Structure formats: structure tokens, C-alpha cells
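# Descriptive structure summary
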Amino acid sequence: HMANETKIERSERFCTAYEYKKALSTLEESESELAEMQQGIADQLAKASELAEEIKAKDSELVELGKKRGGAMSKAHDVAKAQEDALSKELVRLSTVWKNKEEALGKDRQALESLKKACAQGLKAVEHKRKAQDEAKAALDQ
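A few points on the structure. Being a predicted model, the structure only gives us computed values, none of them experimental.

### Some remarks on the overall build of the protein chain
In terms of regular secondary structure, the protein chain is built from one helix and zero strands. In terms of C-alpha radius of gyration, the protein chain reaches 58 Å, well past the compact-globule figure of 14 Å for 142 residues. By its C-alpha atoms, the protein chain is 190 × 40 × 10 Å across when sized along the principal axes. The buried share of the protein chain, reckoned over its 142 residues, is 0%. Summed over its atoms, the accessible surface of the protein chain is roughly 13600 Å², and 59% of this surface lies on carbon and sulfur atoms. Charge separation in the protein chain, taken as the distance between the mean sites of 26 positive and 28 negative side-chain charges, equals 17 Å.

What follows is the structure, given as C-alpha cells:
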């Protein structure tokens, strides 16, 4: 009976040792994986920091380019705006001149119509006088 108990005890110790060895092995693997993950995180953080610095540098470069480009664009815009203003003023001036000429033309047309009527009346009066002269001459000749 004792031999069985010894075997059982030995088996229990063996199982306990096996479980301990297995747990120790799992712990070592976990620690190794943890160390690898921590190193990966550190690498990623370093890379992220590097990329953040690159982004800052690019942002600064972009701001400088924007200032340079903005200055050139601003100058071009100012020139275009000055041209637009000059052309707008010229358009207003020419529109005013055109309206004045159009009004003058309308008045000249009215004056021409009045002159045509006066001319027609003058011709009728001349014709009437001729007739009267011809009648007077005919009366004298008889």
C-alpha cells in the first residue's frame, strides 16, 4: 500500500514539477514577447517622433513657400486689380460718351425732321408764290 502511496506522491510531485516547468516556460516566453513588444513600441515611438519632426519641418517649409507665393500672387493680384479698375473707369467714360452721342443724335434727328418739314413748307410757299406770279403775269398779259 505504501508503494502505491509513494508512486502517487511521486506522480503528484512530477505533475507539480511539470506544471511549474510549464508555467516557468510560459512566463519566460511571455517576458520575451513582452520585451519584443516593448522594443517594437519604442521603435514605433521613435519613428513617430522622427515623422513628427519631418512634419514640422515640412510645415515650416510650406509656410515659407506660401509666404513667397502669396507675395508673388499678391503682386500679380494688385496689378490685375489696377488694370480692372482702369478698364472699369474707361468703360464708364465710354458708356457716358456713347449715351451723350446717342442723345445728341436723337436731337439732331428731330432737328432734321423739323428742317425737312420747314423745307417742305418753304417749297410749298415758293410754289404758291410762283403760281401767284404766273397768274398775275397771265392777267397782265391779257
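Here the narrative resumes.
### Quick word on the pattern of salt bridges
Evaluation of the coordinates by the stated rule reveals three salt bridges. In this structure, the salt-bridge partner of Arg 13 is Glu 9, at a minimum N-O distance of 3.0 Å. With Arg 13 and Glu 9 both in helix H1 (residues 2-141) and four residues apart, the pair spans about one turn of that helix. By relative accessible area, which is 44% here, Glu 9 ends up partly exposed. For the salt bridge of Arg 93 with Glu 90, the shortest nitrogen-to-oxygen distance reads 2.7 Å. Here the residue Arg 93 and the residue Glu 90 both occupy positions in helix H1, the gap between them amounting to three residues, near one helical turn.

The rules behind these values
Residues numbered from 1 in each chain as written. Predicted model: local features only at pLDDT ≥ 70, side-chain atom pairs only at ≥ 80, totals over all residues. Heavy atoms only, no water. Helix = DSSP H or I, 4+ residues; strand = E, 2+ residues; numbered from the N terminus. Rg over C-alpha atoms; globule rule 2.2 N^0.38 Å. Buried < 20%, exposed > 50% of the residue type's maximum accessible area, 1.4 Å probe, protein only. Areas by Shrake-Rupley, 256 points an atom, 1.4 Å probe, with all protein chains shown as cover. Lys, Arg positive; Asp, Glu negative; His and termini not counted. Charge placed at Lys NZ, Arg CZ, Asp CG, Glu CD. Salt bridge = Lys/Arg side-chain N within 4 Å of Asp/Glu carboxyl O.

Taken by themselves, the reported measurements are silent on function.
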